[in-house]
Amino acid sequence: MSALENVRVLDCGTTVAADYAAWLMAEQGARTIKVEPPGGDPRRGTPHYHVLNRSKAAIFLDPQAASGAARLRDLIRWADVVITGATARRLAAAGLDYESIRRINPRAIALNIPTYGSRGPLADRDGNEDLVAAYGGITGSQWARSASPVPLVFPAASYSAGIMGAIAAIAALYARRNSVGQAAEVSVLGGAFSLQTGGILRHESMTRLYHGPQDPLGPIPVYRLFQAGDGKFFFAACGNSTFWGKFAIALERPDLVGDERFENAPWGILNDKWQEVKDILEPIVRTRTRAEWLKILREADVPSAPVMTRQEFIEWDQTRALGMRHPLQDPTLGATVQMGLPVFLSDTPGKITGPAPRIGDESTAMQWLRENAPAPRQNTSAPRPTGKGPLDGIVVLDFASYIAGSYGPMILGQLGAEVIKIESLDGDSFRHFGFGFLGWNQTKRGLAVNLTTDEGREIIHGLARKADVLVENLRPGRMKRFGYDYETLSALNPRLVYMSVNGFGNRGPEHNQPGFDPLLQSRSGVMAAQGGPHSHPVYLTCAICDYGAAMLSAFGCVTALKAREVTGRGQFCETSLLQASMALQAGEFIFYEGRPNLENGDPERRGSAAVCRAYQCAGGNWIFISLGSASHWDALRGALAGLPALDWEAARSQKAGGELAGAITGAVATRDRPELLSEFERLGVPAVPVNYLPDLFDDPQVAANDLIAEVTHATFGKVRQSGMLTKFSDTPGHIDRAAPLLGQHTDEILRDFLGYDAARIAALRSAKVIG
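Residues numbered from 1 in each chain as written. Predicted model: local features only at pLDDT ≥ 70, side-chain atom pairs only at ≥ 80, totals over all residues. Heavy atoms only, no water.

**Student:** Which residues make up the packing of aromatic side chains, and what values go with them?
**Tutor:** Where two aromatic rings form a pair, the distance of their centres and the angle of their planes describe that pair. One pass over the full model with this rule turns up 24 aromatic pairs. Ring geometry for Tyr486 versus Phe572: centroids 5.8 Å apart, planes at 55°, classification tilted. Separated by 86 residues along the polypeptide, Tyr486 in helix α20 (residues 486-492) and Phe572 in strand β19 (residues 572-576) bring together distant segments of the chain. Linked through ring pairs, Trp143, Tyr223, Phe235, Trp267 and Tyr539 together constitute an aromatic cluster. Positioned over the ring face of Trp293 is Arg288, at 5.6 Å from the centre of the ring. For the cation-ring pair, Arg613 lies above Tyr615, with the distance from its terminal atom to the ring centre recorded as 4.2 Å. (Phe/Tyr/Trp six-rings, centres within 6.5 Å; stacked < 30°, edge-to-face > 60°. Helix = DSSP H or I, 4+ residues; strand = E, 2+ residues; numbered from the N terminus. Lys NZ or Arg CZ within 6 Å of the ring centre and 35° of its normal.)

And the structure:
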């Protein structure tokens, strides 16, 4: 069986994020029906539609017609989960608001993924990926030598919101009590936040980690892209002093390690010395080809990776070994090659059951409707909020570090789980990142233990007997060496869900290589796509592989918990940075004859067209305009004097660096941003400010949707950081803890979970078993 094969999903969304959430659930076994208009979804024929709607069936109806409305009611009655992606006003008009759904089917989970959130000044405003990325800090945070905003060439915030939406839906199903459903919400703006939790932090004593000029090749001189002598690029990830030393030796310059100019390398090199380091390293790198350097660096155990295209990556041996290259015959596109499953569950595996449905073909959906009749109507009284999250009562052991390991358990903690962060006596190496650590470890309690001792092993085994979930991200084989592998711990607790997160998976020719976010950015083609065909590759400041793997690990955990309700057993689950690098580019990882060019970025990209790009106002502030219709174009011409008299079809075809863009640039440059945005809102021009991360803390839309929380840290006191990114009507939950100090809760964990008394705890501390 598959984990969700008893779950029925109705996908009423018309956005990437809504389709994504339904797609993840469909490929873990949920019977998923997509509702489309009689002529089909207008996005049919696009790459994103055909990836994100595979493994689904379809029903074609007009909800405004009486017969269509009746069919929609029948579908809602059938569903366990109804997924939408619209403003409250549009949902009410379509009869898809939560109250309407609840009256028809009180058991249903109603997941909505609106653009900006259901509250606040932008709640009723339509939006898209480009506008949200600008508003949510992604566009403003992407580095460029000009220090100007750079929009990404793929819908990262929408993909993120889709994963978080699927997590929310399954968690709500897990919490469904007395057959009563609830409303759940994840905004696309929340999806943008979920990719930046380590940067969305405010405290009076915070300092910036990066002080030098913005470099689109990488954050510091030894953690960046290099161009070899044959003109090809590779990324070297010297993220700690050990790797920096090995890199210097590999370059035959061991003297650099002791050079006083570069003390505290790699991250502590003073910014006024950065260019000196580059001036030393770059000529050396140009003396050999990329292939030669990659061989030397691998032999020296320096993490490195070539810059590849997406098509090269999907054909790579390691990608194939993980089953992430999947040929699929599509009824519209013909022969395609697409990405595989982003999460593996050992006992209840997912499956790609087929391509996106053929237009007009309702046969599979009608068969499902006949086989799975709607459940009997239950009490329609509204559920009462409990104040506890949907995973209340779940215990999670977090053995993870870095972003890819740590952020997933933090998501589970926001959902109400009790998360115990287990560290060695030296602590998580990412504690050195200061406040960033808080952004990946909120909601947890901290336990410090010597994992190699018999007494430490007894503690871990005792906790494993009581736990529901364990998450780890050590290199393959390390947990087995400690005696904390799945086989050992599942023998103690067969109900344990065990999630492994690593760089390249647990099998294949490259599975044991160190994995860091930029190495998978480099290999997966996203750096090449963002840089475009006519310039150098670009390092993404938004760590999509790390955050993606973490979110996928949380998705795998809640999916396995839902499966456990049926099987009574836990299971081994896994995801990787490799899978995440593809999942955060899902709609781009499809190849077929006639595929459009999706690798068309530029290091100084401002947008995709003149009517969809960033523009600078008087005073230096930026806005992002994204027009989608002739009425939008007419409104823009009404607001800005001197624009050419083009019709909409001509205007929308103008390039981001062309004559029309120049005219808009000149008109916007004379206007004050608040005044211009106010006029745009009055006239109906879709536009938002380009926000930087500090702007988010004082933003009314962010505040209205509780996307910022204030927590109390044991050392720093009051800290403001990212808040609740998933919302629930019945099980809302709350954030009650900042990230723990090393071992901050050791005594209470040993007392509360294992019954250790004060004398035993003192003896363990004296023996340096606990910290």
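On we go.
**Student:** Describe the side chain of Ser304, naming the residues involved and giving the relevant values.
**Tutor:** If you trace the backbone, Ser304 turns up in strand β10 (residues 304-306). Excluding residues within four positions of it along the chain, Ser304 makes contact with Phe235, Ala236, Leu294, Leu297 and Leu519. (Contact = heavy atoms within 4.5 Å.)

**Student:** Please provide a residue-by-residue account of the side chain of Arg102, values included.
**Tutor:** Summarising the element assignment, Arg102 is placed in helix α5 (residues 98-104). Of the polar contacts made by the side chain of Arg102, one reaches the side chain of Glu99; its length is 2.8 Å. (Polar contact = N/O pair within 3.5 Å; in protein donor to acceptor, adjacent residues only side chain to side chain.)

**Student:** Explain the sheet that holds strand β27 (residues 727-728) to me, and be specific about the residues and the numbers.
**Tutor:** Taken together, seven strands build an open sheet; the order of strands is β3-β2-β1-β4-β5-β6-β27 and the sheet is mixed. This sheet does not close on itself; its edge strands, each paired only once, are β3 (57-60) and β27. In this structure, strand β1 (residues 8-11) lies alongside strand β4 (residues 81-84), joined through three bridges in parallel fashion. In the strand pairing of β4, Leu10 is matched with Val82. Those strands touched by helix α1 (residues 16-26) are β1, β2 (31-36), β4 and β5 (109-112), and its axis lies near 150° from that of β4. Relative to β5, helix α8 (residues 156-175) is tilted by about 165°, and along the sheet it contacts β4, β5, β6 (183-185) and β27. (Pairing = 2+ DSSP bridges. Axes fitted to C-alpha atoms, helices over the stretch in contact; angles between N-to-C directions.)

**Student:** Which residues make up the environment of Val302, and what values go with them?
**Tutor:** Positionally, Val302 belongs in the loop between α12 (290-299) and β10. Residue contacts for Val302: discarding those within four places in its chain leaves Cys238, Phe243, Lys246, Phe247 and Leu297.

**Student:** Describe unusual backbone geometry, and please don't skip the residues or the numbers.
**Tutor:** Residues Ala265 and Pro266 are joined by a peptide bond in cis, for which omega reads 5°. Following the sequence through the fold, Pro266 ends up in the loop between α10 (241-250) and α11 (274-285). One non-glycine residue with positive phi stands out, namely Asp301, at about 60°. Along the chain, the position of Asp301 falls in the loop between α12 and β10. You will see that Thr443, though not glycine, has its phi angle at about 80°, which is positive. Topologically, Thr443 is positioned in the loop between α17 (435-441) and β16 (444-448).

**Student:** Quick one: what's the story with the sheet that holds strand β8 (residues 223-227), residue by residue and with numbers?
**Tutor:** Taken in spatial order, the three strands make up an open sheet running β8-β9-β10, and their pairing is antiparallel. In this open sheet, the two strands that pair with only one neighbour each are β8 and β10. The sheet shows a mean angle of 20° between the axes of neighbouring strands, direction not considered. Pairing geometry for strand β9 (residues 233-237) and β10, over three bridges, is antiparallel. Opposite Ala236, over in β10, you have Ser304 as the bridge partner. Against the sheet, α11 makes contact with β8 and β9, and its axis sits at roughly 45° relative to β8, the strand it touches most.

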